[in-house]
Amino acid sequence: MSESSPATQAAHPKDYTGAKLGMWLFLFTEVLLFGGLFILYAVYLQRYPEGFRLGGEQLNVWFGGGNTLVLLTSSLSVAMAITALQRGRVRQTMGLVGVTVAMAFCFLVNKYFEWSAKIHHGIYPSSPQLKELPAGEQVFFSIYYLTTGLHGIHVLVGMVMMGWVLLLIRRGKVNPEDYVTLENAGLYWHLVDLIWIFIFPLYYLIL
Amino acid sequence: MNQAASVSGQRGFWDASGGRRGIGTWVFSTDHKRIGLLYFYSTLAFFCVGVLLGLALRLELFAPGADLFTPQQYNALFTLHGVVMIFLFIIPGIPAAFGNLVMPIQIGAEDVAFPRLNLLSWWLYAIGAIMALTSLFTAGGAPDTGWTFYVPFSVRTTTNVSLATLAVFIIGFSGILTGLNFLVTIHRLRAPGMTWMRIPLFTWALYATAWVQVLATPVLGITVLLIFAERVIGTGLFDPTRGGDPIMYQHLFWIYSHPAVYIMILPAMGVVTDIIPVFARKPVFGYKAIAISSLAIAGAGSVVWAHHMVTSGMSDTAVMVFSLLTFLVAIPSAIKVFNWVATLYKGSIALDPPLLFALSFIFLFSIGGLTGLVLGAAATDVHVHDTYFVVGHFHFVMFGGTGFAYFAAMHYWLPKIYGRMYSRKAAVWGWALLTFGFIVLYMSMMIVGVEGMPRRYYDYLPKFTFWNQLSTIGSWILVLGLVIMFVNIFRGLLRGEPAGANPWGGASLEWQTSSPPPLENFDHEPEVTHGPYDFRKAGL
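Residues numbered from 1 in each chain as written. Chains lettered and ligands numbered in written order. Predicted model: local features only at pLDDT ≥ 70, side-chain atom pairs only at ≥ 80, totals over all residues. Heavy atoms only, no water.

### Comments concerning the overall build of chain A
Each helix and strand in chain A was counted, giving eight helices and zero strands. Along its sequence from the N terminus, chain A presents helices and strands in the succession α-α-α-α-α-α-α-α. If you line up chain A on its principal axes, its C-alpha atoms span 65 × 30 × 30 Å. By residue count, 48% of the 207 residues in chain A fall in the buried class. Within chain A, contacts between residues at least 6 apart in sequence are counted, and of these 83% link residues at least 24 apart. When the accessible area of chain A is evaluated, it comes to approximately 9,800 Å², of which 69% is carbon and sulfur surface. (Helix = DSSP H or I, 4+ residues; strand = E, 2+ residues; numbered from the N terminus. Buried < 20%, exposed > 50% of the residue type's maximum accessible area, 1.4 Å probe, protein only. Contact = heavy atoms within 4.5 Å. Areas by Shrake-Rupley, 256 points an atom, 1.4 Å probe, with all protein chains shown as cover.)

Rendered as structure tokens:
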């Protein structure tokens with residue numbers, strides 16, 4: 001990537017408020033992206049309450065619950081990492097960001113097994129078995145795969161981002177004096193967690 | 001930066017290459033003016049492609065029956081014309097090109113808040129555009145769904161819709177990043193003394209636009225992703241045989257695409273609002289009303305999407321509610337039109353090319369807006385829905401509005417960027433032919449539409465021949481005007497007389513720095529002491 005001229009960089013310290021404002025605006029757009037799927041969920045739930053109930057009963061609450069725990073822990077660790085860096089404990093920060101990356105990985109492994117089990121039972125979009133089911137259940141599983149799939153992509157992106165921040169901390173580019181990159185990555189990670197906190201009850205618990 | 005060079009030299013930011021050579025000084029530059037020019041030339045190139053496609057469509061429709069193309073080719077042509085014009089020209093046109101060129105200077109900033117993100121936005125735009133063009137020549141051939149990608153056809157057609165939807169997703173992402181960047185810039189980087197009530201109204205319009213970009217575009221993102229998923233893994237969410245509902249697609253699509261109309265028109269209104277007071281030599285009438293009406297249009301325009309669907313089979317209650325809400329958008333729009341006219345009233349008017357284009361804008365946009373009310377009222381919409389009346393209406397709004405404002409901005413601000421002036425006489429000729437051709441071209445469409453000719457059709461009944469031929473002749477006059485305008489502009493910018501720092505006598509900040517501006521826009525950080533239209537306090 002290119003840099004603006006060195007003189008500009010030196011003369012103008014980073015605008016922290018601006019950087020965080022930008023991140024919050026970006027997070028709005030992510031909420032709205034998932035908002036489209038939640039609207040579809042609401043409309044089709046109203047149309048097919050029975051099909052959604054039958055579909056929801058087939059989801060394994062232990063997989064979902066486990067992943068909820070994993071994500072909540074990772075949000076805790078990233079919040080602790082930010083505080084640790086503010087207090088100048090760089091090694092501890094790296095450890096905590098490392099925990100976050102590991103948790104994200106656990107989430108994806110868990111999701112892999114959950115999806116594999118479903119696909120093994122012949123339930124996946126446009127599978128012959130799914131086409132036999134009533135319309136409500138077909139719609140339910142389509143939305144389920146789209147929402148959790150899109151969320152899974154976000155977990156992956158967040159994991160890569162956290163790994164990249166870890167590298168920046170190791171190189172000293174993110175340090176106790178200049179930690180807005182870690183804060184913004186943390187905000188993104190909290191959003192990924194937050195969206196899951198809506199997905200989990202809507203798909204696994206209330207149906 | 002090299003302070004001495006920018007003060008003494010006449011070439012300003014053009015000289016500051018940032019240590020790179022050749023094309024790298026452009027495509028890797030983080031200077032907002034260079035990125036603005038990148039956007040300007042890319043949007044202009046796509047505008048020309050769109051014009052040629054439109055011309056081809058009009059040629060096919062010159063006479064009833066099959067003339068030049070097969071029906072399949074015709075469908076691909078109008079889809080391309082729509083996709084290119086909407087996603088690659090009109091939406092990024094004014095905000096990304098002229099917003100980038102002018103907005104940071106108007107508020108006294110050295111650059112946008114995130115210069116590298118700005119460059120990334122242009123790269124995403126370029127990648128999306130290349131993908132859109134690739135989709136024409138690969139796989140099943142050019143998409144033939146219309147720019148709206150309506151289901152079920154967009155799911156069933158064997159043409160290359162999947163790649164096109166991904167391209168639209170990436171271009172949308174580019175728009176989100178530009179909007180986000182502008183919001184942070186306007187909030188954080190205003191020069192000392194630049195209070196909210198001293199911001200030039202073009203920047204105010206960009207601010208309102210940026211909110212719509214950030215809040216509406218993600219919905220388009222998810223919508224085109226759903227089409228993609230529907231085609232690739234067969235999710236069936238919009239397929240009635242599997243429990244889905246195609247009307248849901250239309251809702252999601254228009255939740256973005258109606259607000260997108262305001263992404264297109266708000267910056268255009270901003271351009272006109274900045275131009276009129278300068279050429280009437282009067283402070284703009286009702287500064288606050290215009291600033292707030294931009295936000296009101298952005299707000300009201302975001303809740304009217306379903307008026308596109310009054311014949312799609314919604315409940316009567318929904319139709320009435322959306323019809324009423326649609327009328328509400330007319331109020332802030334009319335506030336602006338009245339304020340422009342009031343600014344001109346008893347002004348000391350200089351009929352220079354930018355003002356001529358701005359006047360055409362007011363005239364054509366008003367016709368577009370008023371015919372919009374005909375479409376917004378459910379009863380009349382049932383009659384004219386999906387006829388050529390709609391095509392005429394939205395060309396009046398999109399081309400007569402946004403297009404003419406783009407040309408006005410080009411005549412107004414490019415001398416600032418290049419430091420050279422074009423020929424006034426040729427600009428007037430170009431403007432006159434363009435406006436005359438425009439009215440002949442699209443007014444004929446509205447008339448033939450009221451007579452009952454449906455839109456998107458490859459062929460028509462012989463009784464519609466006269467108006468179609470008139471329309472096609474209008475397209476030739478319009479293209480002649482375009483050619484004269486572009487040749488004049490670019491000859492002037494390369495070889496014209498030096499324009500001087502303030503050729504039009506404007507009071508806003510961009511006219512207080514040299515033409516072309518230095519790399520960081522001002523030699524000294526400006527201190528703002530008066531409003532952008534306070535010509536007396538600016539000593540003009």
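Once the structure has been displayed, the description carries forward.
### Let's talk about empty space enclosed by the protein
Residue and element names in this part refer to chain B. Evaluated as defined, the whole model comprises two cavities of 30 Å³ or more. Taken as a whole, the largest cavity holds about 170 Å³ of empty space. Looking at the largest cavity, it is lined by 18 residues, and the ones nearest its centre are Ile91, Pro92, Ile171, Gly175 and Gln213. Counting residues per element, the ones that place at least two in the lining of the largest cavity are α4 (71-106), α7 (161-188), α8 (201-232) and α9 (246-280). Considering each element in turn, the lining of the largest cavity owes the most residues, six residues, to α7. Within the lining of the largest cavity, the residues separate by chemical class into twelve nonpolar, six polar and no charged. For the second largest cavity, the lining is made up of 13 residues, of which Leu80, Val83, Ala132, Ser135 and Leu136 are closest to its centre. Among the elements of the structure, α4, α5 (115-137) and α7 are those that each provide at least two residues to the lining of the second largest cavity. (1 Å grid on protein atoms, 1.4 Å probe; cavity = no way out; pocket = protein on both sides within 12 Å on 5 of 7 lines; lining within 4 Å. Points joined across faces, edges and corners; volume = space filled by probe spheres on them. Nonpolar A, V, L, I, M, F, W, Y, C, P; charged D, E, K, R; others polar.)

### Comments concerning the interface of chain A and chain B
Across the contact, 36 residues belong to chain A and 36 residues belong to chain B. Both faces considered, chain A and chain B share a buried interface measuring about 3,200 Å² in area, 70% of it formed by carbon and sulfur atoms. Summed over the shared surface of chain A and chain B, the result is two salt bridges. With a closest N to O distance of 2.9 Å, aspartate 245 of chain B and arginine 47 of chain A form a salt bridge. When contributions to the side of chain A that touches chain B are tallied by element, the ones reaching two or more residues are α1 (6-11), α2 (16-47) and α7 (135-170) of chain A. For the side of chain A that touches chain B, the residue count by class is 20 nonpolar, twelve polar and four charged. (Buried area = accessible area lost by both parts, 1.4 Å probe. Salt bridge = Lys/Arg side-chain N within 4 Å of Asp/Glu carboxyl O.)

### A closer look at the side chain of asparagine 468 of chain B
You can see asparagine 468 of chain B is positioned in helix α16 (residues 465-495). Not counting residues up to four positions away in its chain, the partners in contact with asparagine 468 of chain B are Arg58, Leu61, Val448, Met453 and Tyr460 of chain B.

### A short note on the UniProt feature "transmembrane region" (unreviewed entry) in chain A
All names here are of chain A. With numbering matched to this structure, UniProt assigns "transmembrane region" (unreviewed entry) to residues 21-41, 61-82, 94-113, 143-167 and 187-206. Strand forms 0% of residues 61-82 and helix 100%; the C-alpha atoms that close the span are 32 Å apart. Between the C-alpha atoms that bound residues 94-113 the distance is 29 Å, and the span itself is 100% helix and 0% strand. (UniProt positions renumbered as here; feature names shortened; annotations may be inferred.)

### Things to note about the environment of asparagine 60 of chain A
Residue and element names in this part refer to chain A. Relative to the helices and strands, asparagine 60 resides in the loop between α3 (49-58) and α4 (61-86). Asparagine 60 sits in the partly exposed class, given a relative accessible area of 32%. Note: C-alpha distance between asparagine 60 and phenylalanine 113 (53 residues apart in sequence) is 11 Å.

### Focus: the nonpolar core
All names here are of chain B. Grouped together as the largest cluster of nonpolar side chains are 242 residues, with contacts concentrated most on Phe98, Phe361, Phe407 and Met410. With 24 residues, α9 is the largest single contributor of residues to this core. Aside from chain neighbours lying at most four places away, what touches phenylalanine 361 is Ile265, Ala268, Met269, Val272, Trp340, Ser366, Gly400, Gly401, Thr402, Phe404 and Ala405. (Core = buried A, V, L, I, M, F, W, Y, C linked by side-chain atoms within 4.5 Å.)

### Let's talk about helix α3 (residues 32-60) of chain B
Its 29 residues give α3 of chain B an end-to-end C-alpha distance of 42 Å, which sits within 8% of 42 Å, the value for a rise of 1.5 Å per residue. Here α3 of chain B lies mainly inside the structure; 22 of its 29 residues are buried. (Expected span 1.5 Å × (residues − 1).)

### Quick look at the confidence of the model for chain B
Where the model shows low pLDDT, its predicted coordinates should not be examined in detail. All names here are of chain B. A residue-level look at chain B finds 98% of positions with pLDDT of 70 or above and a mean pLDDT of 92. Within the model, pLDDT remains below 50 along residues 1-8, and this stretch shows eight contacts once partners closer than five positions in the same chain are excluded. Confidence metrics for the complex model read pTM 0.93 and ipTM 0.90. (pLDDT = per-residue confidence, 0-100.)

### Regarding the UniProt feature "domain: Cytochrome oxidase subunit I profile" (unreviewed entry) in chain B
UniProt's entry tags residues 26-529 of chain B with the feature "domain: Cytochrome oxidase subunit I profile" (unreviewed entry), counted in the numbering of this structure. Helix makes up 70% of residues 26-529 of chain B and strand 0%, and the two end C-alpha atoms of the span are 35 Å apart.

### Brief notes about the pattern of salt bridges
Counted according to the given criterion, the structure contains eleven salt bridges over all chains. Lysine 33 of chain B serves as the salt-bridge partner of aspartate 31 of chain B, at 3.2 Å between the closest nitrogen and oxygen. Comparing aspartate 31 of chain B with lysine 33 of chain B, the two get one shared label, buried. Through salt bridges with shared partners, a single network forms among Glu50, Arg53 and Glu57 of chain A.

### Digging into the packing of α5 of chain B against α7 of chain B
Residue and element names in this part refer to chain B. In the contact formed by α5 and α7, the axes pass within 8 Å of each other and the chain directions differ by 160°. If you check the angle between α5 and α7, you find them roughly antiparallel. As α5 packs across α7, the resulting crossing turns out to be left-handed. Across the interface between the two elements, Leu117, Asn118, Leu120, Ser121, Leu124, Tyr125, Gly128, Ala129, Met131, Ala132, Thr134 and Ser135 of α5 pack against Leu163, Ala164, Leu166, Ala167, Ile170, Ile171, Phe173, Ser174, Leu177, Thr178, Leu180 and Asn181 of α7. Partitioned by chemical class, the residues of the contact of α5 with α7 number 16 nonpolar, eight polar and no charged. (Axes fitted to C-alpha atoms, helices over the stretch in contact; angles between N-to-C directions. Parallel < 35°, antiparallel > 145°, perpendicular 65-115°, else oblique. Left-handed = near helix turned anticlockwise from the far one by under 90°.)

### Overview of unusual backbone geometry
All names here are of chain B. The residue after valine 151, namely proline 152, is reached through a cis peptide bond having omega -5°. Of note, proline 152 is situated in the loop between α5 and α6 (153-156). Cis peptide bonds are those with omega within 30 degrees of zero, and the linkage from serine 515 to proline 516 qualifies with -10°. Here proline 516 shows up in the segment after α16. Phi angles above zero are rare outside glycine, and aspartate 386 is one such case at about 55°. Looking at where aspartate 386 falls in the secondary structure, it is placed in the loop between α13 (378-384) and α14 (388-418). One non-glycine residue, asparagine 521, lies in positive phi territory at about 75°. For asparagine 521, the position within the fold is in the segment after α16.

### Comments concerning the packing of α3 of chain B against α16 of chain B
All names here are of chain B. Following both chains from N to C, one finds α3 and α16 inclined at 155°, their axes separated by 10 Å at the closest point. With respect to their mutual orientation, α3 and α16 come out roughly antiparallel. Viewed along their axes, α3 and α16 form a crossing whose handedness is left-handed. Contacts from Phe40, Tyr41, Leu44, Phe47, Val51, Leu55, Arg58 and Leu59 in α3 reach Asn468, Ser471, Thr472, Ser475, Trp476, Val479, Leu482, Phe486 and Phe490 in α16. Of the residues assigned to the contact of α3 with α16, the class counts are twelve nonpolar, four polar and one charged.

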